[in-house]
Amino acid sequence: MPDIETPVLIVGGSLVGMSAALLLGYHGVRSLAVENHRGTAIHPRAAQISQRTMEIFRTVGVEQIVREKSDEQFVQDGAILAVETLAGKEIQRFIANLNEGVTDVSPCRRCFISQSLLEPLLKARAEELGAQLLFGTEVISFEQDADGVTALLRDRDSGKSTTVRAQYMVAADGARSGVRERLGIRMTGHGTFSKSITIYFRADVEPLMRGRNMTVIYVFNPALRGFFRIEKPFQSGFLAVNIANDSGHPVTDVSTGLTEQRSLEFVRAALGRDDIPITIENVMHWDSIADVAERFRAGRILIAGDAAHAMPPNGGFGGNTGVQDAHNIAWKLALVLKGLAGPELLSTYEPERRPASAFTVEQAYTRYVVRVAPDLPADPHQPLANDLNIELGYVYYSSAVIPEGVQDGRVHENPRESKGRPGTRAPHVWLERDGAQVSTLDLFGRNFILLGAAESNPWCEGARAAARRLGMALDIHRAGADGLADPSDELASAFGIARTGAVLVRPDGFVAWRAENGEGASADQIASVLAKLLSR
Ligand SMILES: Cc1cc2nc3c(=O)[nH]c(=O)nc-3n(C[C@H](O)[C@H](O)[C@H](O)COP(=O)(O)OP(=O)(O)OC[C@H]3O[C@@H](n4cnc5c(N)ncnc54)[C@H](O)[C@@H]3O)c2cc1C
């Protein structure tokens with residue numbers, strides 16, 4: 001008999017494992033997340049939170065608190081730019097203002113909050129939703145069979161062993177994933193191209209900011225290449241260093257043999273001043289990698305986050321991509337565990353998330369080459385894609401989407417052009433419910449949703465009957481009905497449908513199927529579409 005039984009065991013309880021626990025809890029699924037560290041993140045690491053991640057946070061009820069904490073820590077809407085030194089010349093602005101030109105596509109804004117501040121917020125909400133988090137505990141081994149996974153845990157302090165039996169396991173155990181390795185899943189891509197460091201320091205850099213609003217500050221000079229992130233009130237921050245020395249003599253291993261003196265020299269060279277007292281608080285050593293796992297699933301084990309895709313921090317995509325993995329996994333596991341979907345639904349995780357992740361890894365690599373190492377030899381790399389396409393415009397192809405017409409196989413696009421096409425994120429449109437403004441995105445979350453334009457009543461009736469027949473919850477919303485108004489009259493055109501058309505949106509906010517008009521509206525049609533989508 002195992003000591004603990006849980007529907008889902010999560011290996012790793014950092015950003016992605018914690019998000020998986022939270023999202024499973026949101027879907028009413030108990031999980032146990034096991035984390036080797038004794039608590040939530042102590043280092044800031046990930047901080048750039050994409051609109052997509054904020055949309056997910058909005059769904060589970062933490063958007064507001066994340067924004068408030070973010071305001072305490074960072075000046076909002078700063079630039080991402082390159083300088084010779086913080087005191088010296090600016091070289092180039094990559095993004096002038098973090099939210100410029102993107103606020104029309106989402107009810108949420110990009111923001112900056114460090115992982116060390118974010119994780120406790122996610123933890124509190126995950127626990128509220130019934131997730132169990134076990135810190136200071138390591139998953140030592142695991143075996144899977146036809147019905148589940150059995151794992152052995154060890155408490156780091158007491159050495160006590162515990163066995164856990166779970167129906168499914170999520171491996172969110174980071175770039176050096178022991179689970180992935182034991183499963184024999186290889187990583188492919190550019191490999192390691194820098195042995196990098198992050199130097200956490202204290203120094204009064206406020207005068208060097210010169211009132212400029214800057215969120216990520218790349219440093220490019222003959223002594224080093226890397227980037228600063230500096231927190232309010234500009235008395236502390238970190239400097240990540242990828243390359244030392246000038247391009248004639250580049251050193252891409254800045255980690256081996258690093259001394260405190262050398263760390264100090266790096267910070268001084270990046271500040272461009274040697275008269276400012278600096279205290280080095282900590283140094284983290286990490287590999288700059290751009291790789292993706294060959295498989296994202298092995299039987300009852302799903303691989304997520306850095307365990308599935310490791311990318312350089314350039315672009316701020318790594319943690320966000322992992323949160324999106326967890327979001328994709330949670331509703332599928334919930335429906336399978338509740339017996340509402342066939343286990344084959346889980347086979348859609350890899351075809352959806354692997355191409356989106358591989359594309360994001362390549363884009364992070366391109367940003368590394370362009371921003372950090374433009375003059376060094378690099379592997380072939382993709383042209384730069386717009387950040388918005390990477391964050392909101394990734395496209396899914398799997399049996400959990402019913403395609404329309406010929407598929408062109410594109411993995412990304414401008415989200416403004418998706419217009420409700422199946423496989424893309426459902427567009428944001430401001431609606432009104434009982435006089436209050438709501439986004440279409442606020443209608444999505446727990447269940448499948450039939451969202452219809454003003455004259456889609458036959459589809460809505462059909463959907464009601466189909467849901468009863470299949471014994472599943474289906475939320476039905478129609479513009480102009482039940483207190484939901486579409487004051488700008490944009491819903492139909494935003495979703496590419498006529499006033500008699502409707503779309504089926506998945507719990508993760510992706511369009512699964514679309515009826516452009518009222519032709520063929522029936523319970524049979526919706527029931528057959530749902531059965532297909534849910535592998536029933
Ligand atoms: C300097 C820097 C800046 C970054 N900035 C950004 C950014 O702005 N935006 C962004 O999106 N991303 C950013 N990233 C990337 C981001 O930090 C990672 O993608 C993210 O932290 C990955 O989260 P994870 O949970 O998948 O993995 P990890 O954070 O590595 O967590 C894995 C966890 O699993 C635990 N674990 C491993 N094995 C076991 C085991 N056997 N038993 C129990 N526990 C185990 C580990 O202790 C660890 O806590 C940055 C990275 C760096 C280095």
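Just above, that's the structure.
Turning our attention to the packing of aromatic side chains. Under the definition given, this model contains 14 aromatic pairs. Residues Trp331 and Phe448 carry aromatic rings whose centres are separated by 5.7 Å and whose planes lie at 80 degrees to one another, so their mutual orientation is edge-to-face. Here Trp331, found in helix α8 (residues 318–337), pairs with Phe448, found in strand β21 (residues 448–452); they are 117 residues apart in sequence, far enough to count as distant. Here the two residues Trp331 and Phe448 agree in accessibility, since each one is buried. Three or more aromatic residues joined by ring pairs make a cluster, and in this case those are Phe94, Tyr200, Tyr218, Phe227 and Phe238.

Another aspect to go through is the sheet that holds strand β22 (residues 474–478). Pairing is mixed in the open sheet, where 4 strands are placed in the order β22-β21-β24-β25. In this open sheet, the two strands that pair with only one neighbour each are β22 and β25 (511–515). In this sheet, neighbouring strand axes are inclined to one another by 15 degrees on average, regardless of whether the strands run parallel or antiparallel. Looking at chain direction, β21 and strand β24 (residues 502–505) are connected through 4 bridges and run antiparallel. When the bridges of β24 are listed, Ile449 appears paired with Val505. Against the sheet, helix α13 (residues 523–533) contacts β21, β22, β24 and β25, and its axis sits at roughly 160 degrees relative to β25.

A few words on the site of the ligand. In the region of the ligand, 32 residues are neighbours, and Glu35, Arg45, Gln48, Asp306 and Gly319 sit closest. Within the contact set of the ligand, an oxygen atom lies 3.0 Å away from a backbone nitrogen or oxygen of Val16. Contact distances for the ligand include 2.8 Å between an oxygen atom and a backbone N or O atom of Gly319. Protein contacts shield 89% of the accessible area of the ligand, which totals 1000 Å² for the unbound molecule.

This part covers empty space enclosed by the protein. The rolling of a water-molecule-sized probe over the atoms marks out the regions of remaining empty space. In the structure shown here, the tally under the stated rule is 3 cavities of 30 Å³ or more. Each pocket or cavity is described by its volume, and for the largest cavity that value is around 120 Å³. Lining the largest cavity are 15 residues, with Arg52, Thr59, Leu441, Phe444 and Gly509 positioned closest to its centre. Ranked by residue count, the leading element in the lining of the largest cavity is helix α2 (residues 51–59), at 5 residues.

Turning to the pattern of salt bridges, a few remarks are in order. Here the structure, examined in full by the defined rule, presents 37 salt bridges. Ionic pairing is found between Glu143 and Arg182, a salt bridge with its closest N-O pair at 3.7 Å. Note that Glu143 is positioned in strand β8 (residues 137–144) and Arg182 in helix α5 (residues 178–182), a separation of 39 residues in sequence. A residue is classified by how much of its surface remains accessible, and Glu143, at 53% relative accessible area, is exposed. Residue Glu294 is joined to Arg186 by a salt bridge in which the shortest nitrogen-to-oxygen separation is 2.8 Å. Here the residue Glu294 occupies a position in the loop between β15 (279–293) and β16 (297–298), and Arg186 occupies one in the loop between α5 and β11 (187–202), the gap between them amounting to 108 residues.

On to the sheet that holds strand β4 (residues 79–83). A sheet is described by the order of its strands in space; here 8 strands give the open sequence β5-β4-β12-β13-β14-β11-β15-β18, paired in mixed fashion. The two strands at the open ends of the sheet, each matched to only one other strand, are β5 (90–95) and β18 (309–310). In the sheet, strand β12 (residues 214–221) pairs with strand β13 (residues 224–231) via 5 bridges, with the strands oriented antiparallel. Within the sheet, the bridge partner assigned to Ile217 lies in β13 and is Phe228.

This next bit is on the packing of α2 against α8. At their nearest, the axes of α2 and α8 sit 9 Å apart, and the two run at 40 degrees to each other. For the element pair α2 / α8, the angle class is oblique. Once α2 is placed against α8, the crossing between them reads as left-handed. Within the contact between the two elements, α2 uses Arg52, Thr53 and Ile56 and α8 uses Asn320, Val323, Gln324 and His327. Broken down by class, the residue content of the contact of α2 with α8 amounts to 2 nonpolar, 4 polar and 1 charged.

In terms of burial, strand β14 (residues 236–244) is largely enclosed, as 9 of its 9 residues are buried. In this structure, β11 lies alongside β14, joined through 6 bridges in antiparallel fashion. Within β14, the residue paired with Arg202 across the bridge is Ser236. Two elements, β13 and β14, share 8 bridges in a ladder whose sense is antiparallel. In the sheet register, Leu224 faces β14, and the bridge partner there is Ala244. The hairpin formed by β13 and β14 contains 4 residues between the paired strands, and Phe234 there has a positive phi angle of roughly 65 degrees.

Structurally, Arg425 can be placed in the loop between α10 (387–392) and β19 (430–433). One polar contact links the side chain of Arg425 to the main-chain carbonyl oxygen of Val105, over a distance of 2.9 Å. With residues near it in sequence (within four places) discarded, Arg425 still touches Arg52, Glu55, Val105, Ser106, Leu392, Pro415, Leu441, Gly509 and Phe510.

What counts as what
- Residues numbered from 1 in each chain as written.
- Predicted model: local features only at pLDDT ≥ 70, side-chain atom pairs only at ≥ 80, totals over all residues.
- Heavy atoms only, no water.
- Phe/Tyr/Trp six-rings, centres within 6.5 Å; stacked < 30°, edge-to-face > 60°.
- Helix = DSSP H or I, 4+ residues; strand = E, 2+ residues; numbered from the N terminus.
- Buried < 20%, exposed > 50% of the residue type's maximum accessible area, 1.4 Å probe, protein only.
- Pairing = 2+ DSSP bridges.
- Axes fitted to C-alpha atoms, helices over the stretch in contact; angles between N-to-C directions.
- Contact = heavy atoms within 4.5 Å.
- Near = heavy atom within 4 Å.
- Polar contact = N/O pair within 3.5 Å; in protein donor to acceptor, adjacent residues only side chain to side chain.
- Areas by Shrake-Rupley, 256 points an atom, 1.4 Å probe, with all protein chains shown as cover.
- 1 Å grid on protein atoms, 1.4 Å probe; cavity = no way out; pocket = protein on both sides within 12 Å on 5 of 7 lines; lining within 4 Å.
- Points joined across faces, edges and corners; volume = space filled by probe spheres on them.
- Salt bridge = Lys/Arg side-chain N within 4 Å of Asp/Glu carboxyl O.
- Parallel < 35°, antiparallel > 145°, perpendicular 65-115°, else oblique.
- Left-handed = near helix turned anticlockwise from the far one by under 90°.
- Nonpolar A, V, L, I, M, F, W, Y, C, P; charged D, E, K, R; others polar.

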